[in-house]
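Examination of the molecular architecture
This is what each chain is made of:
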Amino acid sequence: MFSNARVLFITLFVALLALSGCQTAPPKGLTPAQVAVLKQQGFELTDEGWAFGLSGKVLFGSDVETLNKPSSEIVERIGKALTGVGIERVRVDGHTDASGREAYNQQLSLRRAKSVAKVLTGVGMKEENVQLRGLGSSEPVAPNTTATGRTENRRVSIVVIAD
């Protein structure tokens, strides 16, 4: 027969197994509530994640890296909405038109991304959770042959990548 110590040990062991079965890994990806907020804010699902293309919304003047007041307000609204549903990691991609030298445009596009990141961190995102990329003129959304096209290409994108 079993001794009291052995019964107690087996009971504790079974209890530990039962408790360990209750632990679940955190869910991967975004919750339905997070996806709803992304859609509400104008994000679209792309191959790289949920992207908010700021073309037409947050544009920069030629050789300008700072956000104007209306653009800052848009980025603030987005940052607050994201942090409000627990989305804390984003990537900010800066872009330029094709005017000027490629190396300069790459640096300018990075400075544009930094200006957006500054607004996002100002509303509560942690700096280490905001990845920056300066893409220069490598990914135009419009032809650089017209003034309107060049204006559209001076932009940033905010991308939410589901873990």
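The protein is annotated in an unreviewed UniProt entry as OmpA family protein of Pseudomonas imrae.

**Things to note about the packing of aromatic side chains**
Tallying each qualifying case throughout the model produces one aromatic pair. Ring centres of Phe43 and Phe52 lie 5.4 Å apart, and the angle between their planes is 45°; this geometry places the pair in the tilted category. An identical accessibility class is assigned to Phe43 and Phe52; each is buried.

**Considering the pattern of salt bridges**
Following the criterion strictly, the structure yields seven salt bridges and no others. In this structure, Arg111 engages Glu65 in a salt bridge whose closest nitrogen and oxygen atoms are separated by 2.5 Å. Taken together, the residues span a long stretch of sequence, with Arg111 in helix H4 (residues 102-122) and Glu65 in the loop between strand S2 (49-53) and helix H3 (69-84) at a distance of 46 residues. The partly exposed category is assigned to Glu65, whose relative accessible area is 29%. Of the charged contacts in the structure, one is a salt bridge between Lys69 and Glu73, with a shortest N-O distance of 3.2 Å. Taken as a pair, Lys69 and Glu73 lie in helix H3 at a separation of four residues, close to a single helical turn.

**Looking at the nonpolar core**
Membership of the largest hydrophobic core comes to 23 residues, with the highest contact counts inside it found for Phe43, Leu82 and Val90. Broken down by element, this core gets its largest block of residues, five residues, from H4. Other than its neighbours up to four places away in sequence, Val90 contacts Leu82, Leu120, Met125, Asn129, Val130, Gln131, Ile158, Val159 and Val160.

**Some remarks on the packing of helix H2 (residues 32-41) against H3**
For the pair H2 and H3, the least separation of the axes is 10 Å and the interaxial angle reads 170°. The angle between H2 and H3 falls in the class roughly antiparallel. When H2 is examined against H3, the residues Val37, Leu38 and Gln41 are found in contact with a partner set consisting of Arg77, Ile78, Ala81 and Leu82. When grouped by side-chain class, the residues that make up the contact of H2 with H3 number five nonpolar, one polar and one charged.

**Looking at the pairing of strand S3 (residues 90-94)**
Within S3, five of the five residues are buried, which leaves it mostly tucked inside the rest of the structure. Judged by which residues are buried, S3 turns out to be covered on both faces: Val90, Val92 and Gly94 on one side and Arg91 and Asp93 on the other are all buried. Summarising the sheet, S3 and strand S4 (residues 130-134) pair through five bridges and their orientation is parallel. In the sheet register, Arg91 faces S4, and the bridge partner there is Gln131.

**So, the sheet that holds S2**
Remark on secondary structure: sheet strands pair via backbone hydrogen bonds, oriented parallel or antiparallel. Taken together, the five strands give an open sheet; going across it, the order is S1-S2-S5-S3-S4, and neighbouring strands pair in mixed fashion. Bordering the open sheet on either side are strand S1 (44-46) and S4, each of which pairs with just one other strand. Strand-to-strand twist of the sheet, defined as the mean angle between neighbouring strand axes without regard to direction, takes the value 30°. Taken together, the four bridges between S3 and strand S5 (residues 156-160) define a ladder with antiparallel strand orientation.

About the cut-offs
- Numbering of residues starts from 1 in each chain and follows the order in which that chain's sequence is written.
- Side-chain atom pairs in this predicted model are given and counted only at pLDDT of 80 or more, local residue features only at pLDDT of at least 70, and totals for whole chains, interfaces and linings cover all residues.
- Excluding hydrogens and water, the side-chain figures rest on all heavy atoms present in the structure.
- Only Phe, Tyr and Trp rings are paired, with Trp represented by its six-membered ring, and only when their centres lie within 6.5 Å; those with planes under 30 degrees apart are stacked, over 60 edge-to-face, the remainder tilted.
- In this scheme, a residue with accessible area under 20% of its type's maximum is buried, one over 50% is exposed, and one in between is partly exposed, where area comes from a 1.4 Å probe on protein chains only.
- For salt bridges, the criterion is a side-chain nitrogen of Lys or Arg within 4 Å of an Asp or Glu carboxyl oxygen.
- Segments assigned H or I by DSSP are reported as helices when at least four residues long, segments assigned E as strands when at least two residues long, and all are numbered from the N terminus.
- Only buried Ala, Val, Leu, Ile, Met, Phe, Trp, Tyr and Cys residues count toward a nonpolar core, and they belong to the same one when joined by side-chain atoms within 4.5 Å.
- Two residues form a contact once any of their heavy atoms are found within 4.5 Å.
- In this description, a line fitted to the C-alpha atoms serves as the axis of each element, helices being fitted only across the stretch in contact, and the angle between N-to-C directions of two axes falls anywhere from 0 to 180 degrees.
- We call two directions roughly parallel when the angle between them is under 35 degrees, roughly antiparallel when it is over 145, roughly perpendicular when it lies between 65 and 115, and oblique otherwise.
- All amino acids are sorted into three groups, where Ala, Val, Leu, Ile, Met, Phe, Trp, Tyr, Cys and Pro are nonpolar, Asp, Glu, Lys and Arg are charged, and the leftover types, Gly among them, are polar.
- Whether two strands pair depends on DSSP finding at least two bridges between them.

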